[in-house]
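Listed here are the chains, written in short residue letters.
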Amino acid sequence: MRILFLCLFVMGFLGSCATQKTSSVDKQELSFEENEEGDYDIIVFDNQYEYYLNAIAKPINYYSESYLKAKNIIYVNEWNSRHSQPMRYDPNLYEVNIDYRQQTEYGHEFEYKLYNFFKFIEWKYKVKLDR
């Protein structure tokens, strides 16, 4: 199984341990990489995320991978838009830019966890990401 340590810290606000600093611009970016087995996974460091997945989120087989991918494209675009507007949106919540590549096959489980990360953010912080 591929494991991607997305390392999203949602302990009141969002941060990332999988960030890169660019030399020309001091910008935090979250990118996804395959592990040695060629798989991706997401780890969110907030106990409420696990609760959300187990008690609130619909099961993985409820969604097709194509549906999740389409929704994740929308969510990532909105997230990155908010990240780029720190005067308008909380820069502590939208701390990192997410480098999600639409052409990459991340897999059903990864797409499900990423989708539910965004749904979790909406649930916990009472924000709406899919306008």
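The structure under discussion appears in the preceding block.
Just so we're clear, the structure is a prediction, and the values are computed from it rather than from any experiment. (Residues numbered from 1 in each chain as written. Predicted model: local features only at pLDDT ≥ 70, side-chain atom pairs only at ≥ 80, totals over all residues. Heavy atoms only, no water.)

Trainee: Kindly report on the overall build of the protein chain, identifying the contributing residues and their values.
Mentor: Along the protein chain, the regular secondary structure elements total three helices and six strands. Here the protein chain holds 131 residues, and the buried ones make up 47% of them. On the protein chain, roughly 7,300 Å² of surface is accessible, and the fraction owed to carbon and sulfur atoms is 50%. (Helix = DSSP H or I, 4+ residues; strand = E, 2+ residues; numbered from the N terminus. Buried < 20%, exposed > 50% of the residue type's maximum accessible area, 1.4 Å probe, protein only. Areas by Shrake-Rupley, 256 points an atom, 1.4 Å probe, with all protein chains shown as cover.)

Trainee: Give me the lowdown on the packing of helix α1 (residues 47-56) against helix α3 (residues 108-125), citing residues and values where you can.
Mentor: Between α1 and α3, whose axes approach to 10 Å, the crossing angle comes to 105°. The pairing of α1 with α3 is recorded here as roughly perpendicular in orientation. Between α1, through Q48, Y49, Y51, Y52, L53 and I56, and α3, the contact on the second element is made entirely by Y112, K113, N116, F117, K119, F120, W123 and K124. Here the residues of the contact of α1 with α3 sort into nine nonpolar, two polar and three charged. (Axes fitted to C-alpha atoms, helices over the stretch in contact; angles between N-to-C directions. Parallel < 35°, antiparallel > 145°, perpendicular 65-115°, else oblique. Contact = heavy atoms within 4.5 Å. Nonpolar A, V, L, I, M, F, W, Y, C, P; charged D, E, K, R; others polar.)

Trainee: Give a detailed account of the packing of helix α2 (residues 65-83) against α3, specifying residues and quantitative values.
Mentor: Running from N to C, α2 and α3 point in directions that differ by 45°, and their axes come no closer than 9 Å. Between α2 and α3, the angle falls in the class oblique. Handedness of the α2/α3 crossing: left-handed. Taken together, the residues of α3 that come into contact with α2 (itself represented by E65, Y67, L68, K69, K71, N72, Y75, V76 and W79) are H108, E111, Y112, L114, Y115, F117, F118, K119, I121 and E122. Among the residues making up the contact of α2 with α3, the classes are represented as 11 nonpolar, two polar and six charged. (Left-handed = near helix turned anticlockwise from the far one by under 90°.)

Trainee: Can you tell me about the packing of aromatic side chains, naming the residues and giving the values?
Mentor: Scanning all chains against the criterion turns up 21 aromatic pairs. Judged by centre distance (6.2 Å) and plane angle (35°), the rings of Y51 and W123 are tilted. One end of the pair, Y51, is in helix α1; the other, W123, is in helix α3, with 72 residues separating them in the sequence. Classification of Y51 as partly exposed rests on a relative accessible area of 46%. Joined through ring pairs, the aromatic side chains of Y62, Y63, Y67, Y75, W79, Y89, Y94, Y112, Y115, F117 and F118 make up one cluster. (Phe/Tyr/Trp six-rings, centres within 6.5 Å; stacked < 30°, edge-to-face > 60°.)

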